[in-house]
Amino acid sequence: MSTQPDPARGAAVKATDRAHVFHSWSAQGLIDPLAVAGAEGSYFWDYDGNRYLDFSSQLVNTNIGHQHPKVVAAIQEQAARLCTIAPGFAVDVRSEAARLVAERTPGDLDKIFFTNGGAEAVENAVRMARLHTGRPKVLSAYRSYHGATAAAINLTGDPRRWASDTGSAGVIHFWAPFLYRSPFHAESEEQECERALRHLEDTIAFEGPATIAAILLETVPGTAGIMVPPPGYLPGVRALCDRYGIVLVLDEVMAGFGRTGRWFAADHFGVTPDLLTFAKGVNSGYVPLGGVAISAEIAATFETRPYPGGLTYSGHPLACASAVATIDAMAEEGIVENAARIGEDVLGPGLRELAERHPSVGEVRGLGAFWAVELVRDRATREPLVPYAATGEANAPMAAFTAACKAAGLWPFVNMNRTHAVPPCTVTASEAKEGLAALDEALTVADRYTV
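Residues numbered from 1 in each chain as written. Predicted model: local features only at pLDDT ≥ 70, side-chain atom pairs only at ≥ 80, totals over all residues. Heavy atoms only, no water.

> So what exactly am I meant to see when it comes to the packing of aromatic side chains here?
In this description, an aromatic ring pair is defined by two values, namely the gap between the centres and the angle between the planes. Applying the stated rule across the entire model yields 13 aromatic pairs. With 5.7 Å between their ring centres and 75° between their planes, F113 and Y307 make a pair best called edge-to-face. A residue pair is termed long-range when its members are at least 10 positions apart, and F113 in strand β4 (residues 111–115) and Y307 in the loop between α9 (296–301) and α10 (317–333) qualify at 194 residues. Taken individually, F113 and Y307 each receive the classification buried, so the pair is uniform in this respect. Joined through ring pairs, the aromatic side chains of F114, F257, W263, F264 and F278 make up one cluster. Note that R104 overlies the ring of W263, its terminal NZ or CZ placed 4.6 Å from the centroid. Geometry around W25 places R160 over its ring, the cationic atom sitting 5.6 Å from the centre. (Phe/Tyr/Trp six-rings, centres within 6.5 Å; stacked < 30°, edge-to-face > 60°. Helix = DSSP H or I, 4+ residues; strand = E, 2+ residues; numbered from the N terminus. Buried < 20%, exposed > 50% of the residue type's maximum accessible area, 1.4 Å probe, protein only. Lys NZ or Arg CZ within 6 Å of the ring centre and 35° of its normal.)

In structure tokens, the structure reads:
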């Protein structure tokens with residue numbers, strides 16, 4: 001793939017974008033999107049010849065890296081054979097994609113409902129839970145993100161919800177465990193787990209167990225900060241759901257398909273949900289695809305009763321072909337195992353070593369190729385480097401840190417006062433060390449804002 005600079009072409013791409021493209025999550029007149037010329041493996045580059053190590057995996061979805069040849073070939077071959085067909089038909093590639101996903105999901109999650117992405121997966125999982133139980137309410141955590149469609153954005157626990165939150169969507173938020181910023185004044189993981197579960201059960205009691213259809217949790221929260229739950233928490237939530245007849249929905253849109261060093265993050269905790277949502281890593285975003293993995297009990301609800309939901313592009317052949325090729329490549333090339341090894345041997349130790357030397361680093365946490373670095377002004381008080389949901393001048397320290405990363409050839413994933421180390425699960429040890437070196441350089445900028 002050519003990486004020859006072509007500034008004139010880049011300027012033309014940028015001009016057309018600014019004239020016609022309406023970007024998500026943005027004030028349109030205040031953004032300056034990078035014009036990307038190409039990508040391969042762990043890198044992408046612009047038209048000026050600048051190459052960036054992708055420590056964001058774009059939106060934490062290119063788990064197999066950019067332009068994996070086996071997946072590109074599978075899309076091309078499927079396009080030549082059958083580009084599209086309605087969801088009501090049985091198609092070989094759709095059936096095979098569902099089989100491969102079902103083989104890897106925990107427990108009896110053997111029925112797969114395909115969507116176009118993660119938000120639609122959450123929408124449909126919640127709908128299934130409500131119809132299955134006949135109950136209206138859904139509990140979800142603060143410090144979470146579940147998508148930008150109508151129900152998913154109300155279920156989200158971060159500030160992106162605020163502009164669209166109707167306050168009448170049947171959603172109740174609660175505090176999930178996060179020891180570093182414990183809402184329960186805990187001093188150990190054991191205390192945090194116990195108190196978080198007590199808080200959740202109290203919430204269930206005061207909301208009325210017979211009114212609650214589902215509890216929705218990101219198995220390991222992603223954009224909200226990669227807070228790995230303490231031992232015992234997810235089994236405890238599973239027990240509460242069983243006690244009160246509540247459906248447990250685990251959102252694995254970001255954490256699934258190798259990101260944490262297991263096929264699904266639930267595998268770390270020995271928990272089987274009733275519904276599991278996925279997207280992103282199922283085919284590294286090469287073609288839009290998501291879905292819901294459904295337990296036998298919930299699938300039986302719709303055995304003779306029609307499920308009132310569907311999408312024109314559910315199980316799209318091109319998307320399913322890319323999923324089949326992705327899952328096969330991950331298995332054949334040991335990509336899940338690579339993510340686990342890189343996390344244990346390179347990213348985890350390397351980030352902890354940076355934390356020892358940089359006063360701006362308050363905490364490092366993660367699994368596999370899924371890490372967060374909490375940046376603070378004061379390690380003693382744990383004051384964040386920027387205020388919660390900071391914008392404009394208040395966000396200047398994080399903006400300076402982000403700019404320093406890019407100047408060092410690293411494209412970071414930054415949210416609020418955190419940077420996330422989330423490279424492709426195919427990242428090599430040398431590439432990971434290259435990223436750590438760039439972070440080391442950029443953290444010297446963040447250090448200037450500490451007390």
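Let us keep going from here.
> What is the right way to look at empty space enclosed by the protein in this model?
Summed over the entire model, instances satisfying the criterion amount to 2 cavities of 30 Å³ or more. The space that makes up the largest cavity amounts to roughly 150 Å³. Lining the largest cavity are 15 residues, with A176, P177, L217, E218 and P221 sitting closest to its centre. Where the lining of the largest cavity is concerned, the elements lending two or more residues are β7 (212–218) and α8 (233–244). Split into classes, the residues belonging to the lining of the largest cavity amount to 11 nonpolar, 2 polar and 2 charged. For the second largest cavity, the calculated volume is near 30 Å³. Together, L351, L354, A355, V361, V364, V373, T419, L439 and L443 line the second largest cavity. The dominant element in the lining of the second largest cavity, judged by the number of residues it contributes, is helix α11 (residues 335–357), at 3 residues. Taken together, the residues of the lining of the second largest cavity break down into 8 nonpolar, 1 polar and no charged. (1 Å grid on protein atoms, 1.4 Å probe; cavity = no way out; pocket = protein on both sides within 12 Å on 5 of 7 lines; lining within 4 Å. Points joined across faces, edges and corners; volume = space filled by probe spheres on them. Nonpolar A, V, L, I, M, F, W, Y, C, P; charged D, E, K, R; others polar.)

> Is there a simple way to think about α10 in this case?
An α-helix turns once per 3.6 residues; consequently, residues spaced three or four apart project the same way. Helix length check: α10 (17 residues) gives 24 Å between terminal C-alpha atoms against 24 Å at 1.5 Å per residue, within 8%. Buried residues dominate α10, accounting for 13 of its 17 residues. One or two residues past the end of α10 sits G334, with phi positive at roughly 65°. (Expected span 1.5 Å × (residues − 1).)

> Looking at this structure, I do not really get the layout of surface pockets. What am I missing?
Over the atoms a probe the size of a water molecule is rolled, and this reveals where empty space is left. There is about 320 Å³ of room inside the second largest pocket. Forming the walls of the second largest pocket are 20 residues, and the residues nearest its centre are R143, A224, Y388, M416 and R418. When the residues that make up the lining of the second largest pocket are grouped by side-chain class, the tally is 10 nonpolar, 4 polar and 6 charged.

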